[in-house]
Each structure stands twice: as structure tokens, then as C-alpha cells.
Amino acid sequence: MGFPKGFLWGGATAANQYEGGYLSGGKGLAVADTLTGGDGIHNIPRKFIVEMPDGTRKTFGGRDEIPAGAKAIVDPDTYYPSHVATDFYHHWKEDLALFAEMGFNVYRLSINWTRIFPNGDDAEPNEEGLKFYEDVFKECHRLGMEPLVTIYHFDCPLHLANEYDGWVSRHTLEAFKVYAKTILTRYKGLVKYWLTINEININTNFMMNGVHEHISNKKNAEQCRWHLFVGSAYAVKTAHEIDPENKVGLMIAHGASYPYSCNPEDVFAEIESSHEGKWFYGDVQVRGYYPAWKVKQLEREGIEIQKEPGEDELLKEGVVDFYSFSYYSSQAVAAHPEEHGVSEGNQTRGVKNPYLEASEWGWTIDPLGLRINLNQIYDRYQIPMMIVENGLGAIDKVEEDGSINDDYRIDYMRKHIKVMKDAIEIDGVDLMGYTPWGCIDLVSAGTGEMRKRYGFIYVNMDDDGNGDLSRSRKKSFYYMQKVYKSNGEDID
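Not measured: the values here are computed from a predicted model.

1. Here we look at the environment of Lys177
Considering the arrangement of structural elements, one finds Lys177 in helix H6 (residues 170-186). Classification of Lys177 as buried rests on a relative accessible area of 15%. Put simply, Lys177 and Val230 are 53 residues apart on the chain and 9.5 Å apart in space, counted from C-alpha to C-alpha. With near-sequence residues (within four places) excluded, Lys177 lies in contact with Val230 and Tyr234.

Have a look at this one:
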């Protein structure tokens, strides 16, 4: 009963939101380094400043389509939150010690591609970057934590985005293969848990994957997806060849979704939405092939994906060992969404669910949706699962005595951990780990804000880059410490 012995408890971060040191140690520029901040509460998007093919400059929203030939740049007069973020690069020993104090036995982090290959496709890797992560992994082990490493987490090298159209290009895929093999080889014995591509289903746009024309040219979007799948399968197969002890998972943004009503049109709209947004990506990476409905869709739309010989076989050979996913919220789906209010969460849109409350940023709070997800995924695939992102983004107040009483976050965590336990005890799902998102404050991916905080550890930094980056424990730190050290038995 309860969480199994050896359950993996920890937290999750991403290099482009947490690491900082954006040009330190030989690191090159990633697309994320050219994204400004935004304001999620007031619906002000993150932006790119780009040089157009004619030499003029224009500004585009982070999710906008950027014209072919345009190049994102770093403007010296503009603030970019990723450049410092919350500076793990210079605080890693302090932060890892705090994680260990909280009771982590696993820590999820990502490797920044351009810290290893500054342009993404350099002839030789950057030794200083390789050594940095090696030191981090060794310290994790010294403190009793297994590293869980994401190979690619929304940090397409800027050179590959600007010059090769990101993941639309086979050149980017081939560069990724070199990068993946390099780190899998270097960290053999130091890392045994890997994730290939973060939230592979979120988007094919410039912000995530360096793709310029992803709306007006659907073939670009489909070619990008194919290259991502092939890259993921290559990483899985290579990881197993380098070290048979390696365990490799996919990573999908998997929010729960419900038909808005029992109207059959709403029910079928939800089925189509889940096919497109979630199950397609899981089916390819767990089963090793495109589902029939997707093949038919591509035929109808006249889209022929460009493949190299052996890539279909590679998808079958590179299926994952476990299914990992992010879960923050849920959404309702309607056949006619314009008739209902909009609900957003983790860069997805649905219609408002009248039965659920929402966070300050409008993300629905739905603990039972997590149990529903766990059941649906396990029923479909019958492989182990790991929840590698989950948490509440909120504005935290520092009291005069320095305390941060984030009881709202504790309440959120308690309810979600309770349904995880129910899914294991009552439903029999095979859940192997839990790494809540932003275990320490970092930059929001969707809005570039610091005030949207997820962490159990507070970092003194604001939306404009002001602050001394000092760390302090929130009330939730001690709650999670209690949960982790009791292996999930003490959650009240």
C-alpha cells in the first residue's frame, strides 16, 4: 500500500529558465536567449526582436509566425530574463544542497545544447560546458540524488533556427544526433534516467523549435514533428546501446480534457482534440509508428513527409521505457468553443469548466484530473509512468520577518499527491516518480515573468532583473520535506 519503496521524489527545472550564465563558459546563444519578458495576468506576450530579410527590424510575439529569412537577435537595450534567470550556473552547489535538504532522491534538469555545442553544429564540443554538467551530476550523487536529464528542453540553438529553420531542417536533426550521442557517452554511469524532448506536443513554432512558418505552411509543422520523433527515437536507441542500464522516457504536456457536455458533438470534439494534442505523440514514441487516423489526415491534406531510409524502423527500435508527462490543469472541449468562455493552461486553450476554480493566471486547478490522466495513460500503454512537472504558479508575499506563507501551494500539492497515492493503491497504476515543476523559483516559460512563482525555495529576483538572487525556504519547503522523507505517507 502507498508509494512503493524506491519511489523517486524530487523537483524539476530547465536550463533556459533557471541556469543563467547565458554566455559564460563558452556557451552560445539559444532561441530562448532572444525572448523578452511578458505579463501573463495582463495578456502581454513575450516578444522577439528580429532582423527582416531587407535589414529592417520588427517585433513579433513569442508564439507568432516569423517570416522566412528573418533572424532573431539580442538587442543590447532590451531585458532578457533568461540571461541571468535565477543563476543556477553560479549557485548550483547551494541549490543542490537545498534540494537534498528537502529530501530529493532525484533531480530533473536539462542540458543546454548551446553550452555543449555553442552553434548547435560545431565540429567539436565545448569541454568547459561538458565539465560543468559533469560536476553537477557528481554532486547530485554525493548528495544522494539521481539526475533525471532532459536532452532537449526548448533551447534550439539560435544559429540552427536563424540559418536552417530549426527542426524543419534535416541539418538540425543530424546536429541533434551528434549532441545527444556526445552527452550520452560522456555521462555514462553518471546519469541513468533520461528524457528525450520536453513537451514534444506543445508546439512547432520559433519559440520552441526554431521554425519560422509553422502556421501558413503546415508541411513545415509536420516535417518538424517527424524530425523530433526521429531525434527522440535515435536518443533512446543510442542510450540503450551505450549503457543497457539507461532508462529513457518521453515527455508530453498531458493535461486532462473533458467533453463540455454529453452532446455527442462535444464528445467527439474532445476525442479529436486528444488525438491531435496528446495521444498522437504518445503512440509514436511508445508504439513506434504513426496511428491510422494521422496517416489518413496527411493523405487528405496532400502532405508527404520527407524521410530517410530506415527512419520508420528507427521509430520502432527507439520506443521509450517509461511515459513521463507534465500536469498542471485540465480543460473542457466543445464542438463550438466560441459559444463558451476561454480557458488557458500550459500554452493550451480550451473552454471554461464551470466546476473548477482557477489560478491567478487562469489555469484550472483539478487534482482529480491527474488521477484520470494516470488511469488513461496506463490503460493505453501499460508501461511505468513518471509525473515530471506539476505545480502552482502564484504571487508570493515575503513577510516582514522574511517568511513566505504559501499555504495555497501546500494545499495544491497535498491534493495532487493524495490522488497519486489513490491511483497507485486503488487503481493499480505503475507510477515511479514525481518531480514538481520549478522546485526553486525560475523564469516562467510562457510569460517570462519572475512573479509567477512555482518554487518551494524563493529567489530574490523580480520581473525587471532586480534582486540579489539570495535563496530562502518557503513554508512549502518544509511541507514537501515532510512528504518526501516519509515516502508520501505524511501528507496531511
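2. Some points on helix H2 (residues 88-102)
The terminal C-alpha atoms of H2 lie 17 Å apart, and with 15 residues this falls more than 12% below the ideal 21 Å at 1.5 Å per residue. The sharpest bend along H2 measures roughly 40° and falls at Glu94. Buried within H2 we find Phe88, Tyr89, His91, Trp92, Asp95, Leu96, Leu98, Phe99 and Met102.

3. Looking at the sheet that holds strand S15 (residues 431-434)
Strand pairing within a sheet occurs via backbone hydrogen bonds; the two strands may be parallel or antiparallel. Strand order in this closed barrel of eight strands is S1-S5-S6-S7-S8-S10-S14-S15, and the pairing throughout is parallel. Sheet twist, expressed as the mean angle between neighbouring strand axes with direction ignored, is 30°. With five bridges connecting them, strand S5 (residues 106-110) and strand S6 (residues 146-152) associate as parallel partners. Residue pairing in the sheet places Leu109 in a bridge with Val149 of S6. Of the strands in this sheet, S6, strand S7 (193-197) and strand S8 (247-253) are in contact with helix H8 (residues 218-242), which crosses S7 at around 160°.

4. What about the packing of helix H4 (residues 127-142) against H6?
Contact pair H4 / H6: the axes reach a minimum separation of 11 Å and the direction vectors enclose 50°. Relative to H6, the element H4 lies oblique. H6 is crossed by H4, and the crossing has right-handed handedness. Between H4 and H6, the residues in contact are Glu127, Leu130, Lys131 and Glu134 and Thr182, Ile183 and Arg186, respectively. The residue inventory of the contact of H4 with H6, partitioned by class, reads two nonpolar, one polar and four charged.

5. Concerning the packing of H2 against H4
Put simply, H2 and H4 touch, their axes get as near as 10 Å, and they point 10° apart. If you check the angle between H2 and H4, you find them roughly parallel. Counting all contacts with H2, which are made through Phe88, Tyr89, Trp92 and Leu96, the residues of H4 involved are Glu128, Phe132, Asp135, Val136, Glu139 and Cys140. Across the contact of H2 with H4, the residue classes break down as seven nonpolar, no polar and three charged.

6. A word on the state of the cysteines
Among covalent bonds in proteins, the disulfide is the one between the sulfur atoms of two cysteines. Counting across every chain of the model gives zero disulfides. Here Cys156 stays unpaired: no disulfide links it, and the sulfur of Cys224, its closest cysteine neighbor, is 8.9 Å away. Assessed through its relative accessible area of 1%, Cys156 is described here as buried. For the unlinked cysteine Cys439, the closest cysteine sulfur is that of Cys140, found at 11 Å. Look at Cys439 and you get buried, because its relative accessible area is 0%.

7. Here we look at the pattern of salt bridges
Taken as a whole and assessed by the stated rule, the structure comprises 41 salt bridges. Note that Arg371 is salt-bridged to Asp427, the shortest N-O span being 2.7 Å. Remark: Asp427 occurs in the loop between helix H13 (407-425) and S15 and Arg371 occurs in helix H12 (residues 367-381); sequence separation between them is 56 residues. Note that Arg451 is salt-bridged to Asp463, the shortest N-O span being 3.6 Å. In this pair, Arg451 sits in the loop between S15 and strand S16 (457-459) while Asp463 sits in the loop between S16 and strand S17 (471-473), placing the two residues twelve residues apart along the sequence. With a relative accessible area of 25%, Asp463 lands in the partly exposed category. One salt-bridge network, held together by shared partners, links Asp396, Asp406, Arg409, Asp441, Arg453 and Lys474.

8. Some thoughts on the sheet that holds strand S4 (residues 71-72)
With antiparallel pairing, the three strands of this open sheet are ordered in space as S3-S2-S4. Sheet topology places strand S3 (57-61) and S4 at the edges, where each strand pairs with a single neighbour.

9. Digging into unusual backbone geometry
Residues other than glycine predominantly adopt negative phi, and peptide bonds predominantly adopt the trans conformation. Within the chain, Asp87 stands out as a residue other than glycine whose phi angle is a positive 60°. Residue position: Asp87 is located in the loop between S4 and H2. The phi dihedral of Asn487 is positive, around 55°, even though this residue is not glycine. Note on placement: Asn487 falls in the segment after helix H14 (475-485).

10. Some points on the pairing of strand S10 (residues 322-326)
Burial of S10 is extensive: five of the five residues sit out of reach of the surface. Taking every second residue as pointing to the same face, both faces of S10 are buried, with Phe322, Ser324 and Ser326 on one and Tyr323 and Phe325 on the other. Note: S8 against S10, five bridges, orientation parallel. When the bridges of S10 are listed, Gly249 appears paired with Phe322. Sheet topology note: the S10/strand S14 (residues 385-389) ladder contains four bridges and is parallel. The partner of Ser324 across the bridge, within S14, is Met386.

Cut-offs and rules
- Residues numbered from 1 in each chain as written.
- Predicted model: local features only at pLDDT ≥ 70, side-chain atom pairs only at ≥ 80, totals over all residues.
- Heavy atoms only, no water.
- Helix = DSSP H or I, 4+ residues; strand = E, 2+ residues; numbered from the N terminus.
- Buried < 20%, exposed > 50% of the residue type's maximum accessible area, 1.4 Å probe, protein only.
- Contact = heavy atoms within 4.5 Å.
- Expected span 1.5 Å × (residues − 1).
- Bend = angle between axes of the 7 residues up to and from the residue.
- Pairing = 2+ DSSP bridges.
- Axes fitted to C-alpha atoms, helices over the stretch in contact; angles between N-to-C directions.
- Parallel < 35°, antiparallel > 145°, perpendicular 65-115°, else oblique.
- Left-handed = near helix turned anticlockwise from the far one by under 90°.
- Nonpolar A, V, L, I, M, F, W, Y, C, P; charged D, E, K, R; others polar.
- Disulfide = S-S within 2.5 Å.
- Salt bridge = Lys/Arg side-chain N within 4 Å of Asp/Glu carboxyl O.

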